[in-house]
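So the chains spell out like this:
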Amino acid sequence: MLELRHVSKSFGPTHALRDVSLAAEAGQTTVLLGPSGCGKSTVLRLMVGLLRPDAGTVQFDGEPLTPTNLEHVRHRMGYVIQDGGLFPHLTARENTTLLARHLSQSAPAIDERLRELTTLVKLPLDALDRYPVQLSGGQRQRVGLVRALFLDPHVLLLDEPLGALDPLIRADLQEDLRTIFRDLGKTVVLVTHDVGEAGYLGDTLVLMKDGTVVQQGSFEDLVERPAEPFAERFIRAQRSPVFDRM
Ligand code: ADP
Ligand code: MG
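All values reported here derive from a predicted model rather than from experimental measurement.

(A) Looking closely at the packing of helix H3 (residues 92–102) against helix H5 (residues 137–149). At a minimum axis separation of 8 Å, H3 and H5 run at an interaxial angle of 20°. Taken as axis vectors, H3 and H5 run roughly parallel relative to one another. Taken as a pair, H3 and H5 cross one another with a handedness that is right-handed. Where H3 approaches H5, its residues Ala92, Asn95 and Thr96 are matched on the opposing element by Val143, Val146 and Arg147. For the contact of H3 with H5, the per-class residue count stands at three nonpolar, two polar and one charged.

Written out as structure tokens, the structure reads:
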């Protein structure tokens, strides 16, 4: 569904990605995992066409992304950026329906879709008329999710959607996300630096380091057959020492 083929990307002297090849299969959840600065967000920005590769290609549904088909392809992708990216001067309702209104969808159709999605993501209806600052972190993420799902995209791209949440809310949303991904059967690409979250939500994990892919496989592959010492270290570093003492 979405594929990077031999993609390199630099920002001035920084090599953000070096010859990266990876694929996100249709209907599956692919998780990009790795330490801060390893290039995860850059992969997502290339996939949605916010960045162009210096070398290599980004393929969507078998076609390379080009400036000409970008607009069309973008409407088939839902993108949730790190910390939600809601417009602060718009209510949750205005944030989520912005694109649909821009595309001149009818008011009843928009209302119907909004009802459907708020139920799906468990957002209370009275939250819709609040501004982002008046919402909790978890609610903001749910609003971001409604906005991304509004046009029923084929692909959903989520950049550390749960990064800023406290542990209990995070666990709730992880469960809800897993249910949503499974029920909708969408192609999902999700970024996290949390191994547990990656294993819980991902069908396929892509472990990255310094702008390269270290290993792509299932959670079991990573844990039981780490491709290199870095993979083993990365996974071990995130096991809580408390559990080792029990
Ligand atoms: P991650 O999401 O894994 O934390 P990023 O993809 O955001 O990593 O960044 C990868 C590298 O590229 C980092 O060194 C980062 O500082 C650099 N980088 C990312 N975007 C830009 C940009 N717009 N300008 C300059 N450097 C950037
Ligand atoms: Mg990032």
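(B) Examining helix H9 (residues 229–237) more closely. Along H9, the residues that are buried comprise Phe230, Ala231, Phe234 and Ile235. For H9, the arc enclosing every buried residue in end-on projection is 130°, short of the 170-degree limit, so these residues lie on one face. When the buried face of H9 is taken as reference, the exposed residues oriented beyond 90 degrees from it are Pro229, Arg233 and Ala237. Buried positions along H9 lie against strand S3 (29–33), helix H7 (195–201), strand S9 (204–209), strand S10 (212–217) and helix H8 (219–224).

(C) Inspection of the sheet that holds strand S7 (residues 155–159) at higher detail. Strand order in the open sheet made by the six strands is S6-S7-S8-S3-S9-S10, with mixed pairing throughout. Among the strands making up the open sheet, the edge pair consists of strand S6 (77–80) and S10. With direction set aside, neighbouring strand axes in the sheet form an average angle of 15°. With five bridges connecting them, S9 and S10 associate as antiparallel partners. Paired with Met208 across the bridge in S10 is Val213. Each of S3, S9 and S10 touches H9; the most contacted strand, S9, lies at about 105° to it.

(D) Local environment of the packing of aromatic side chains. The tally for this structure, following the rule as stated, stands at one aromatic pair. Between the NZ or CZ atom of Arg178 and the centre of the ring of Tyr200, over which it lies, the distance is 3.9 Å.

(E) Inspection of the sheet that holds strand S2 (residues 14–24) at higher detail. Read across the open sheet, the four strands follow the order S2-S1-S4-S5; overall the sheet is antiparallel. Since the sheet does not close on itself, it has two edges, and those belong to S2 and strand S5 (63–64), each with one partner. Pairing geometry for strand S4 (residues 55–60) and S5, over two bridges, is antiparallel. By the bridge assignment for S5, Gln59 is matched with Pro64. Contacting strand S1 (2–11), S2 and S4, helix H1 (residues 40–47) runs over the sheet at an angle of about 115° to S1.

(F) Geometry of the nonpolar core. Membership of the largest hydrophobic core comes to 41 residues, with the highest contact counts inside it found for Leu33, Leu145, Leu156, Leu158, Phe181 and Leu207. Counting residues per element, this core draws most heavily on H5, which supplies five residues. Ignoring anything within four residues of it in the chain, the contact list for Leu156 reads Gly78, Leu145, Ala148, Leu149, Phe181, Thr187, Val188 and Val189. Leu22, Leu32, Val58 and Val191 belong to the second-largest nonpolar core, a separate cluster that totals 27 residues.

Rules used throughout
Residues numbered from 1 in each chain as written. Chains lettered and ligands numbered in written order. Predicted model: local features only at pLDDT ≥ 70, side-chain atom pairs only at ≥ 80, totals over all residues. Heavy atoms only, no water. Axes fitted to C-alpha atoms, helices over the stretch in contact; angles between N-to-C directions. Helix = DSSP H or I, 4+ residues; strand = E, 2+ residues; numbered from the N terminus. Parallel < 35°, antiparallel > 145°, perpendicular 65-115°, else oblique. Left-handed = near helix turned anticlockwise from the far one by under 90°. Contact = heavy atoms within 4.5 Å. Nonpolar A, V, L, I, M, F, W, Y, C, P; charged D, E, K, R; others polar. Buried < 20%, exposed > 50% of the residue type's maximum accessible area, 1.4 Å probe, protein only. Arc of directions from axis to C-beta. Pairing = 2+ DSSP bridges. Phe/Tyr/Trp six-rings, centres within 6.5 Å; stacked < 30°, edge-to-face > 60°. Lys NZ or Arg CZ within 6 Å of the ring centre and 35° of its normal. Core = buried A, V, L, I, M, F, W, Y, C linked by side-chain atoms within 4.5 Å.

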